[in-house]
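# Chains, contacts and geometry: an overview
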Amino acid sequence: MGDHCVFCKITRGEVPSNKVYEDEKFLAFTDIHPAAPTHVLVIPKEHVETVEDIPSGNPMVSLLAERAVRVAKQLNLREGYRLVINHGDNGGQTVYHLHLHLLGGRFMAWPPG
Ligand code: AMP
Ligand code: ZN
């Protein structure tokens, strides 16, 4: 599982990335097409396709958010930031390995386009 997944390849070091955080189970790296001055993706190293694949009661999203908050503090996003999980085609998901977007460094308009 995850043999051809670009984020699994990043986890294995087969595709380069600009890592900003790493621990045993999670990794954070900068987005290759940044949508804001700071745009970081936080991923589980384990291949999980989408937010719907997280088993009931599993704290995955909370653990991802915790890492994102850590990175936001590390990068000094004192004026705020946005955390986003896209799901499925209409949600704008393009990489089917669960990831949390951390966006900051500018005012993030709401609602999004
Ligand atoms: P999503 O559209 O929510 O699935 O987000 C996928 C994100 O992954 C997009 O913002 C892409 O720019 C980003 N992305 C795709 N490939 C890479 C890569 N090799 N390194 C860093 N970011 C990537
Ligand atoms: Zn994967």
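Above: the structure in question.
Residues numbered from 1 in each chain as written. Chains lettered and ligands numbered in written order. Predicted model: local features only at pLDDT ≥ 70, side-chain atom pairs only at ≥ 80, totals over all residues. Heavy atoms only, no water.

For the rest of this paragraph, the subject is the nonpolar core. Membership of the largest hydrophobic core comes to 17 residues, with the highest contact counts inside it found for Ala28, Met60, Leu64 and Val71. Of all the elements, helix α2 (residues 60-74) adds the most residues to this core, at five residues. Setting aside residues up to four positions removed in sequence, Val71 forms contacts with Val20, Tyr21, Ala28, Val40 and Leu102. By size, the runner-up hydrophobic cluster in this structure holds nine residues, among which are Cys8, Phe29, Leu41 and Val95. (Core = buried A, V, L, I, M, F, W, Y, C linked by side-chain atoms within 4.5 Å. Buried < 20%, exposed > 50% of the residue type's maximum accessible area, 1.4 Å probe, protein only. Helix = DSSP H or I, 4+ residues; strand = E, 2+ residues; numbered from the N terminus. Contact = heavy atoms within 4.5 Å.)

For the zinc ion (ligand 2), the full set of protein donor atoms is Cys5 (SG), Cys8 (SG), His47 (ND1) and His97 (ND1), and the range of their distances to it is 2.0 to 2.3 Å. Around the zinc ion (ligand 2) sit four donor atoms, and with donor-metal-donor angles ranging over 104 to 119 degrees the site reads as tetrahedral. Of note, the donors binding the zinc ion (ligand 2) are all from one chain and are spaced C-x2-C-x38-H-x49-H. Separated by 89 residues along the polypeptide, Cys8 in helix α1 (residues 6-12) and His97 in the loop between β4 (81-84) and β5 (100-104) bring together distant segments of the chain. (Donors = N, O, S within 2.8 Å, 3.2 Å for Na, K, Ca; no water. Tetrahedral: all angles 85-135°; square planar, octahedral: opposite > 155°, others 65-115°.)

The next point concerns the site of ligand 1. Near ligand 1 there are 16 residues, and of these Asp31, Asn86, Gly92, Thr94 and His101 occur at the shortest range. Asn86 places a side-chain nitrogen or oxygen 2.8 Å from an oxygen atom of ligand 1. Contact distances for ligand 1 include 2.8 Å between an oxygen atom and a side-chain N or O atom of His101. Protein contact buries 84% of the 500 Å² of open area that ligand 1 shows by itself. Its atoms largely coinciding with the cavity grid, ligand 1 occupies the largest pocket. Going through the elements one at a time, α1 and β2 (26-30) are the ones with two or more residues in the shell around ligand 1. Of the residues belonging to the shell around ligand 1, the class tally is seven nonpolar, eight polar and one charged. (Near = heavy atom within 4 Å. Polar contact = N/O pair within 3.5 Å; in protein donor to acceptor, adjacent residues only side chain to side chain. Areas by Shrake-Rupley, 256 points an atom, 1.4 Å probe, with all protein chains shown as cover. 1 Å grid on protein atoms, 1.4 Å probe; cavity = no way out; pocket = protein on both sides within 12 Å on 5 of 7 lines; lining within 4 Å. Sits in = over half its atoms within 2 Å of the grid points. Nonpolar A, V, L, I, M, F, W, Y, C, P; charged D, E, K, R; others polar.)

Purely geometric stuff here, so don't read any function into it on its own.
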